[in-house]
Amino acid sequence: MRKGMQILNDPFKNKGTAFTMAERRELGLLGLLPTHVRTIEEQAAETYALYQSKTAGIEKRHLLMEIFNTNRTLFFYLMKQHITEFMPVVYDPVIAESIEQYDERYLRPQDAAYLDVNHPEDIEEELRAAADGRDIRLIVVTDAEGILGIGDWGVNGVDISVGKLMVYTAAAGIDPAQVLPVSIDAGTDNQQLLDDPNYLGNRQHRIHGERYFAFIDRFVDRVEALFPKSLLHFEDFGRGTAAKILDKYQERILTFNDDIQGTGIIALAGVLGAMNISKEKLTDQTFLTFGAGTAGMGIAKMLYEELVRQGMDPAEAKRRFYLVDKQGLLFEDTPGLTPKQQPFTRRRAEFANAGQLTDLLSVVKAVHPTVMIGTSTQPGAFTEEVVRELAAHAKRPVIFPLSNPTKLAEAKAADLLKWTDGRALVATGIPAGTVNYGDVDYQIGQANNALIYPGVGFGALAAQAKVLNDEMIAAAAHALSGIVDPDQPGAAVLPPVEKLADFSKRVAITVAQSAIDQGLAGKGITDAQQAVEQMTWEAKY
Ligand SMILES: NC(=O)c1ccc[n+]([C@@H]2O[C@H](COP(=O)([O-])OP(=O)(O)OC[C@H]3O[C@@H](n4cnc5c(N)ncnc54)[C@H](O)[C@@H]3O)[C@@H](O)[C@H]2O)c1
Ligand SMILES: O=C(O)C[C@H](O)C(=O)O
Ligand SMILES: [Mn+2]
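Criteria and thresholds
- Each chain carries its own residue numbering, running from 1 in the written order of its sequence.
- In the order they appear in the text, chains get letters beginning with A and ligands get numbers beginning with 1.
- With the structure being a predicted model, the display of local features is reserved for residues of pLDDT at least 70 and the display and counting of side-chain atom pairs for 80 or more, all residues being used for whole-chain, interface and lining totals.
- Side-chain descriptors were evaluated using all non-hydrogen atoms of the structure, hydrogens and water having been removed beforehand.
- Buried residues are those whose accessible area, probed at 1.4 Å on protein chains only, stays under 20% of the maximum for their type, while exposed residues exceed 50% and partly exposed ones sit between those limits.
- By definition, any uninterrupted DSSP run of H or I lasting at least four residues is a helix, any uninterrupted run of E lasting at least two residues is a strand, and each is numbered from the N terminus.
- A pair of strands is treated as paired once DSSP finds two or more bridges between them.
- The donor definition counts N, O and S atoms within 2.8 Å of each metal and applies 3.2 Å to Na, K and Ca; water is not among these atoms, so some sites may look incomplete.
- UniProt positions are given in the numbering used here, feature names are shortened, and annotations may be inferred rather than shown by experiment.
- The contact rule is simple, with two residues in contact once any of their heavy atoms fall within 4.5 Å.
- Here a residue is near a molecule or strand as soon as one of its heavy atoms is found within 4 Å of it.
- What qualifies as a polar contact is a pair of N or O atoms within 3.5 Å, subject to a donor-acceptor requirement within protein and to the restriction that residues adjacent in sequence count only when both atoms come from side chains.
- Computed with a 1.4 Å probe, the accessible areas rest on the Shrake-Rupley method; for each residue, only the protein chains presented here act as cover.
- Note on residue classes: Ala, Val, Leu, Ile, Met, Phe, Trp, Tyr, Cys and Pro are nonpolar, Asp, Glu, Lys and Arg are charged, and everything else, Gly too, is polar.
- Start and end points for every domain follow an automatic or database-based domain assignment.
- Buried area: the accessible surface (1.4 Å probe) lost by two parts on joining, summed over both.
- Axis geometry follows a simple rule: fit a line to the C-alpha atoms, using only the stretch in contact for helices, then measure angles between N-to-C directions, giving values from 0 to 180 degrees.
- Note that the term roughly parallel is reserved for angles under 35 degrees, roughly antiparallel for angles over 145, roughly perpendicular for angles of 65 to 115, and oblique for everything else.
- By convention the crossing between two helices is left-handed if the near helix lies anticlockwise of the far one by an angle smaller than a right angle, and right-handed if it lies clockwise.
- Only buried residues count toward a nonpolar core. Its members are Ala, Val, Leu, Ile, Met, Phe, Trp, Tyr and Cys residues joined through side-chain atoms within 4.5 Å.

**Structural notes on the pairing of strand β3 (residues 179-185)**
Right, on to step 1. Among the seven residues of β3, seven are classified as buried, and the element is accordingly described as predominantly covered.
Right, on to step 2. Relative to β3, strand β1 (residues 113-116) runs parallel, the two being bridged by four bridges. Directly across from leucine 115, in β3, lies its bridge partner isoleucine 184.
Right, on to step 3. Sheet topology places strand β2 (residues 138-142) next to β3; five bridges connect them, and they run parallel. By the bridge assignment for β3, valine 140 is matched with proline 181.

**Digging into the coordination of the manganese ion (ligand 3)**
Right, on to step 1. Taken together, the protein donors to the manganese ion (ligand 3) comprise Glu235 (OE), Asp236 (OD) and Asp259 (OD), at separations of 2.1 Å.
Right, on to step 2. All donors to the manganese ion (ligand 3) come from one chain, and their sequence spacing reads E-D-x22-D. On the criterion of sequence distance, the pair formed by aspartate 236 in the loop between β4 (231-234) and α13 (242-249) and aspartate 259 in helix α14 (residues 258-278) is long-range, its members being 23 residues apart.
Right, on to step 3. Since its relative accessible area comes to 2%, aspartate 236 is described here as buried.
Right, on to step 4. Taking relative accessible area as the criterion, aspartate 259 reaches 14% and is therefore assigned buried.

**Points about unusual backbone geometry**
Right, on to step 1. In this chain, aspartate 92 is followed by proline 93 through a cis amide linkage whose omega measures 10°.
Right, on to step 2. Tracing the chain through its elements places proline 93 in the loop between α6 (83-90) and α7 (94-100).
Right, on to step 3. Cis geometry marks the peptide bond from asparagine 404 to proline 405; its omega dihedral reads -10°.
Right, on to step 4. Checked against the element boundaries, proline 405 lands in the loop between β10 (398-401) and α19 (413-419).
Right, on to step 5. Although it is not a glycine, histidine 368 adopts a positive phi angle of roughly 50°.
Right, on to step 6. Within the secondary structure, histidine 368 sits in the loop between α17 (360-367) and β9 (371-374).
Right, on to step 7. Judged by relative accessible area, histidine 368 falls into the partly exposed class, the value being 31%.

**Concerning the UniProt feature "binding site: a divalent metal cation" (unreviewed entry) in the protein**
Right, on to step 1. UniProt annotation of "binding site: a divalent metal cation" (unreviewed entry) refers to Glu235, Asp236 and Asp259 when read in the numbering used here. In three dimensions, the annotated residues from a span of 25 residues occupy one location, with a maximal C-alpha spread of 6.7 Å.
Right, on to step 2. Residue placement: glutamate 235 occurs in the loop between β4 and α13.
Right, on to step 3. With a relative accessible area of 1%, glutamate 235 lands in the buried category.
Right, on to step 4. Those residues within four positions of aspartate 236 in sequence are excluded, and the remaining contacts are Thr142, Asp143, Ala144, Glu145, Gly146, Ile147, Leu148, Ile160 and Asp259.

**Points about the site of ligand 1**
Right, on to step 1. In the vicinity of ligand 1, 24 residues are found, and the nearest of them are Arg239, Thr294, Ala295, Asp325 and Asn449.
Right, on to step 2. One nitrogen or oxygen atom from the main chain of glycine 149 is found 3.3 Å from an oxygen atom belonging to ligand 1.
Right, on to step 3. Separating a nitrogen atom of ligand 1 from a side-chain N or O atom of glutamine 378 is a distance of 3.2 Å.
Right, on to step 4. Contact with the protein chains covers 86% of the free accessible surface of ligand 1, which is 840 Å².
Right, on to step 5. Elements supplying a minimum of two residues to the shell around ligand 1: α14 and α15 (294-309).
Right, on to step 6. Split into classes, the residues belonging to the shell around ligand 1 amount to six nonpolar, 14 polar and four charged.
Right, on to step 7. Lining the shell around ligand 1 are residues from two domains, each supplying at least three of them: domain 2 (104-257) and domain 3 (261-499).

**Side note on the domain arrangement of the protein**
Right, on to step 1. The assigned domain composition of the protein is domain 1 (3-90), domain 2 (104-257) and domain 3 (261-499).
Right, on to step 2. Its C-alpha centre places domain 1 at a distance of 40 Å from the equivalent point of domain 3.
Right, on to step 3. Contact residues are listed per partner, giving four residues for domain 1 and four residues for domain 3.
Right, on to step 4. Summed over both sides, the interface of domain 1 with domain 3 buries roughly 290 Å², with 81% coming from carbon and sulfur.
Right, on to step 5. Three residues stand out in domain 1 for area buried against domain 3, namely Ile83, Thr84 and Met87, and they jointly supply 82% of the buried area on that side.
Right, on to step 6. Remark: the boundary between domain 1 and domain 3 carries zero residue pairs in polar contact (both at pLDDT 80 or more).

**So, the packing of helix α9 (residues 123-131) against helix α12 (residues 209-226)**
Right, on to step 1. As a packed pair, α9 and α12 sit with axes 10 Å apart at the nearest point and diverge in direction by 45°. For the element pair α9 / α12, the angle class is oblique. For α9 against α12, the interelement crossing comes out right-handed. Listed contacts from α12 to Ile123, Glu124, Leu127 and Arg128 of α9 are Phe215, Arg218, Phe219, Arg222, Val223 and Leu226.
Right, on to step 2. When grouped by side-chain class, the residues that make up the contact of α9 with α12 number six nonpolar, no polar and four charged.

**Quick notes on the UniProt feature "domain: Malic enzyme NAD-binding" (unreviewed entry) in the protein**
Right, on to step 1. Within the UniProt annotation, "domain: Malic enzyme NAD-binding" (unreviewed entry) is assigned to residues 260-516.
Right, on to step 2. Secondary structure within residues 260-516 divides into 39% helix and 12% strand; the distance between the first and last C-alpha atoms comes to 24 Å.

**Thoughts on the nonpolar core**
When a protein is soluble and globular, its nonpolar side chains tend to lie buried together.
Right, on to step 1. Grouped together as the largest cluster of nonpolar side chains are 126 residues, with contacts concentrated most on Phe75, Met87, Tyr168, Val271, Val456 and Leu480.
Right, on to step 2. It is α14 that contributes the most residues to this core, 10 residues altogether.
Right, on to step 3. Apart from the residues within four sequence positions on either side, tyrosine 168 is in contact with Leu138, Val140, Gly173, Ile174, Leu231, His233, Phe256, Tyr453, Pro454, Gly457 and Phe458.
Right, on to step 4. Counting residues in hydrophobic clusters, the runner-up holds 32 residues, among them Ile123, Phe215, Phe237 and Ile253.

**A word on the sheet that holds β9**
Right, on to step 1. Overall, mixed pairing links the seven strands, which are arranged β8-β7-β6-β9-β10-β11-β14 in an open sheet. Two strands bound the open sheet, and with one partner strand each, they are β8 (328-329) and β14 (445-446).
Right, on to step 2. One ladder, built from two bridges, connects β10 with strand β11 (residues 425-428); its direction is parallel. In the strand pairing of β11, valine 398 is matched with leucine 425.
Right, on to step 3. Packed onto the sheet, α17 meets β6 (287-290), β7 (321-325), β8 and β9 and runs at close to 175° relative to β6.

**Brief notes about the site of ligand 2**
Right, on to step 1. In the vicinity of ligand 2, the residues found are Tyr91, Asp92, Leu148, Lys164, Glu235, Asp236, Asp258, Asp259, Asn404, Asn448 and Asn449.
Right, on to step 2. Glutamate 235 has a polar side-chain atom sitting 3.0 Å from an oxygen atom of ligand 2.
Right, on to step 3. In the model, an oxygen atom of ligand 2 is placed 2.9 Å from a nitrogen or oxygen of the asparagine 449 side chain.
Right, on to step 4. Taking 260 Å² as the accessible area of ligand 2 by itself, protein coverage stands at 91%.
Right, on to step 5. Split by residue class, the shell around ligand 2 holds two nonpolar, three polar and six charged.

Laid out in structure tokens, this is it:
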């Protein structure tokens, strides 16, 4: 290919119309671009005007992805200017639509690595080719068995790896040339995809069991060999594999499971934010988790560990939790329990009507929770009746409908405030606008792991931490406090996305400091702030 075109086609190097005359001369670009040289400000303004002319979210995303695919610097320059507006477009909820329409809208491979479960022998070559000599420090990998709450999307799920990495750069400032999205095509059990002539993945049912875990093992091993300084972030794996994989590798390598740990941290931070507003104690709360899967159990574990850190006896702390899943309240003898659910189950003898506790309303009536968190993928499950019953026994009920995307949320923020006469302390998974109720404008916190994982991962990387352990994770959960003024009427339980870059930096420094304090940081790294600042990339030519 012509030398100049190679540069224009390289999203990590391309500046498009912003190449100066001197650069054009030097790089073989003379004659390949219109004569006028634009500044990055002009490029951004022109692109944003075009963006505003589009109405549908998916069209807006399409335009932004074109910029991303051709010019990373411009993309992140723009995203910094419009973070609150762009987050729901490049990330959740519009990313769900883009995954569903991936095969029809397919344009480019987005610099991801596509790994085929049928060819474990090719993993190394595939990773090497996608990295193309770049110094990869951060990998987001998905096998797309559980994309958000929309289920199994096979190879289409690559968009979540790309999208999560976009947020890493926009929020924490990882150099986009140092990241690698990875899609593991392990087949799909989504019949719609298997029947779709456009589907771009393996048309075979999902591989499970030994063959699957051997593939993951080989993948982890090759990542370690090729990119020994990298953080391996797992995203949207299935309920049957996510926790197993985390348990297997978390003490061995620098790894993170976003749906378990990221969601756990942000939910705990949100509940702590709610306690700041209500002036209640965490140790006085009763917790109900509706949807006790990957995210639900990650949240329960984080809340439980915080109770223990606050001095509560472990057995007593466990008794504060009630898990509700498809079967209803989970008892020690409920069939089909997962290993993570088991320790948090209840005894039937605790209830006179144990046999009837098979739906959310009955459980809320029986246990009077004060904190109710939804990770069930069941839209509207927090009904008016359920919420009114909950609010009858709690002064400031904490209610977090966290299922994504929008169409799957357990409740809408406005309804929760209405049904509780403005008493509910609410956070949602997807962004929610301000809710006016009575005379108060309620700001709704977004309890989405995107508010925390960029800082956590970046902090661990900046410190060159050997592992990402529970201490570092607990430190991150506390790093968000003090940003919101809890005494402002209608205050949110979490800081706003508008400040994402600021508080991600704070989280990163906190996590890096924890690694240093525990003796887990890389050689010579003693100053957390300096380490984070040194690694921070900025979108400029
Ligand atoms: N806000 C966030 O940051 C965040 C993070 C992770 C996951 N989530 C959301 O949480 C949801 C669950 O994700 P996951 O990864 O835990 O999936 P998962 O499949 O591991 O868990 C979902 C759980 O809900 C249960 N469930 C299904 N139907 C139910 C019903 N009728 N009643 C009660 N429980 C029911 C399932 O049995 C399962 O245990 C998704 O919508 C996802 O988008 C949000
Ligand atoms: O992707 C998100 O919006 C959050 C979370 O990781 C999820 O799976 O829902
Ligand atoms: Mn996820």
